[in-house]
Amino acid sequence: MTSSFMLSYLNLLAAILLSVTGGLAETVRCPRYCVCYLNTTNYMRSVSCVARRLDNIDLSVPRRVQSLDLSNNSISVLEDRGFQNLGLIEILRLVMRHNSLRTIGLHSFSGLTYLQSVDLAANNLYQILPWTFHENSNLKFVSLSGNPLGHVVSSGPFLDVPSLEVLELSNCNFAHFPQDAFSALPSLKRLDISQNEIISLDIYSLQFLYILEEVDVTKNPWPCNTNLKNLKEFLDGRSSRLIGSSCDLPEGLQQIEMKPAKFEKIISVGIAYPEYNGSSSEEDYINDEEITVQNKTDCDCKTVTKAGLINNDYFNLPPMLLILVSFKLGVCVTLFVGYFWMWCKPQKK
């Protein structure tokens, strides 16, 4: 009876140890086809899976990832609650440029309450529902540039995201916008509608954008006529800037093509994300140069290498998790030693 009891106890102990170590490994393990690192610029736990021929988002990446880059893959569908079901609920920045996205579910981004930046440029989206980001109350930046969204333009808000500050819709084949297209974006500060087929824009479509700072209309077939001048006067009256207007040039130069102004991307955390240049970003992380990882709270600095961050799956484990693991291991070892001593103790005659 004693032997069977000890065997059951050892099995239970092994199960506890496996669950603890398994959960810990799941927290820090990085897939072999991705690069996991701590971004020393914005202190985000980042994962880059660029140009890996991936066709879905089920990648077994660490659940505590904050910046996820899936650019240059073959992902075509985002299912409802896909990220939430994978436990990736701490994402702040999501980049999915240059995929094959055709379908985005109405609840694809549900559960991502911390999401601030979404880049879906250069995909095959013909339509996006206005309420796609309705549950992302912290969303500040959305890029849909390079999608053929202009083929389907209906009345009503284009997107319903009250917190959105930057919206990029360049090169989307838009010819016009309804008057209420931007009525559900009261926080919008920067609007990029460059490189479309727009020849006029009703100023009433911007009437709800009270804190608008910039509108980029670069490379649109828009003549310097009364409509454009009225738009410029409307924006000037609100201390907003019109970028790319041929009316800004002297009359003799208005027929010359203007160079597009670079549209600055800014989200609430104050980070400017550069345009994706089509090359894999892994080379930037693999270089074995020394960088400094600094904790802003206690200024506890230490110097490591980028290769070291990757090889060690450096993911800043929370102290409470380490304390909990240590406590469980201590209890298990104490119980094991106690029962082993009782089992091996010589019996009195």
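Per an unreviewed UniProt entry, the protein chain goes by the name LRRNT domain-containing protein and belongs to Homalodisca liturata.

**Q** Sorry if this is basic, but what is going on with the state of the cysteines here?
**A** Chemically, a disulfide is nothing more than a covalent bond linking the sulfur atoms of two cysteines. Per the stated rule, a full pass over the model turns up 2 disulfides. Bridging cysteine 30 to cysteine 36, the disulfide has an S-S length of 2.0 Å. Classification of the bridge connecting cysteine 30 and cysteine 36 rests on its S-S torsion, roughly 85 degrees, and on that basis the disulfide is right-handed. The pair cysteine 30 / cysteine 36 is uniform in exposure class, with both members buried. Put simply, cysteine 34 and cysteine 49 are joined by a disulfide, and their sulfur atoms are 1.9 Å apart.

**Q** So what exactly am I meant to see when it comes to the sheet that holds strand 9 (residues 166-168) here?
**A** Adjacent strands of a sheet form backbone hydrogen bonds with each other and so pair up, either parallel or antiparallel. The strand order across the open sheet formed by 10 strands is 1-2-3-5-7-8-9-10-11-12, and the pairing between neighbours is mixed. Bordering the open sheet on either side are strand 1 (35-38) and strand 12 (241-243), each of which pairs with just one other strand. Taken pair by pair, the neighbouring strands of this sheet meet at an average axis angle of 5 degrees, ignoring direction. In this sheet, strand 5 (residues 93-95) lies alongside strand 3 (residues 67-69) in parallel orientation, the contact comprising 3 bridges. Residue pairing for strand 5: serine 67 is matched across the bridge by arginine 93. Sitting on the sheet, helix 3 (residues 226-237) is in contact with strand 11 (214-216) and strand 12, with an inclination near 140 degrees to strand 12.

**Q** Would you mind going over the nonpolar core with me for this structure?
**A** If you look at the biggest cluster of nonpolar residues, it comprises 61 residues, and the most contacted ones within it are Phe83, Met96, Phe109, Phe133, Leu144, Leu167 and Phe182. Shared between two domains, this core holds at least three residues of each, these being domain 1 (49-103) and domain 2 (125-245). Filtering out sequence-adjacent residues up to four positions away, phenylalanine 83 remains in contact with Ile57, Leu68, Leu78, Leu88, Ile91, Leu94, Met96, Ser108, Phe109 and Leu112.

**Q** Would you take a moment to explain the pattern of salt bridges for this structure?
**A** Close approach of charged atoms allows side chains with opposite charge to pair. All told, the structure shown has 6 salt bridges when counted by the stated rule. One salt bridge in this structure joins aspartate 119 and arginine 97, with 3.0 Å as the shortest N-O distance. In this pair, aspartate 119 is assigned in strand 7 (residues 117-119) and arginine 97 in the loop between strand 5 and strand 6 (103-104), connecting sequence segments 22 residues apart. Since its relative accessible area comes to 7%, aspartate 119 is described here as buried. What makes arginine 97 buried here is its relative accessible area of 8%.

**Q** Whenever I open this one, the pairing of strand 1 confuses me. Can you help?
**A** Each regular strand displays side chains that alternate between the two surfaces of the sheet. Residue alternation in strand 1 divides its side chains into two sets, Val35 and Tyr37 and Cys36 and Leu38, and both sets are buried. Note: strand 1 against strand 2 (residues 45-48), 4 bridges, orientation antiparallel. Bridge pairing in strand 2 places cysteine 36 opposite valine 47. Between strand 1 and strand 2, which follow one another and run antiparallel, lie 6 residues, and tyrosine 43 among them has a positive phi close to 60 degrees.

**Q** Teacher, can you tell me more about unusual backbone geometry here?
**A** Of note in this structure, serine 60 is not a glycine but carries a positive phi near 60 degrees. With respect to the helices and strands, serine 60 occurs in the loop between strand 2 and strand 3. On the accessibility criterion, serine 60 (60% relative accessible area) is exposed. In this structure, histidine 98 is a non-glycine residue whose phi angle is positive, near 55 degrees. By the element assignment, histidine 98 lies in the loop between strand 5 and strand 6.

**Q** Which parts of the structure should I look at to understand a nonpolar patch on the surface?
**A** Taken together, the side chains of Phe327, Val331, Leu335, Tyr339, Trp341 and Met342 present a nonpolar region at the surface, about 630 Å² in accessible area. Looking at the secondary structure, you find tryptophan 341 in helix 6 (residues 319-344).

Scoring rules and cut-offs
Sequence order sets the numbering: in each chain, residues are counted from 1 along the sequence as written. Per-residue local features are limited, in this predicted model, to residues with pLDDT of at least 70; the limit for side-chain atom pairs, both in listing and counting, is 80 or more; totals at the level of whole chains, interfaces and linings are taken over all residues. Side-chain numbers here rest on the full set of heavy atoms in the structure, without hydrogens or water. Throughout, a disulfide means two cysteine sulfur atoms within 2.5 Å of one another. Remark: exposure states derive from per-residue accessible area (1.4 Å probe, protein chains only) relative to the maximum for the residue type, with buried under 20%, exposed over 50%, and partly exposed in between. Note: two strands are recorded as paired if DSSP finds a minimum of 2 bridges between them. Where helices and strands are cited, they refer to DSSP runs of H or I of at least four residues and of E of at least two residues respectively, numbered from the N terminus. Axes, fitted as lines to C-alpha atoms, cover a helix only where it is in contact. Angles between the N-to-C directions of the axes lie from 0 to 180 degrees. Any two residues whose heavy atoms approach within 4.5 Å are treated as being in contact. Only buried residues count toward a nonpolar core, which is a set of Ala, Val, Leu, Ile, Met, Phe, Trp, Tyr and Cys residues joined through side-chain atoms within 4.5 Å. Segmentation of the chain into domains, including their bounds, is taken from an automatic or database domain assignment. For this document, the term salt bridge refers to a Lys or Arg side-chain nitrogen within 4 Å of an Asp or Glu carboxyl oxygen. Without a salt bridge and with relative accessible area above 30%, a residue can belong to a patch; like charges are then joined within 9 Å and nonpolar side chains (Val, Leu, Ile, Met, Phe, Trp, Tyr) within 5 Å. Exposure was quantified through the Shrake-Rupley algorithm and a 1.4 Å probe, taking into account, for residues, occlusion by the shown protein chains and nothing else.

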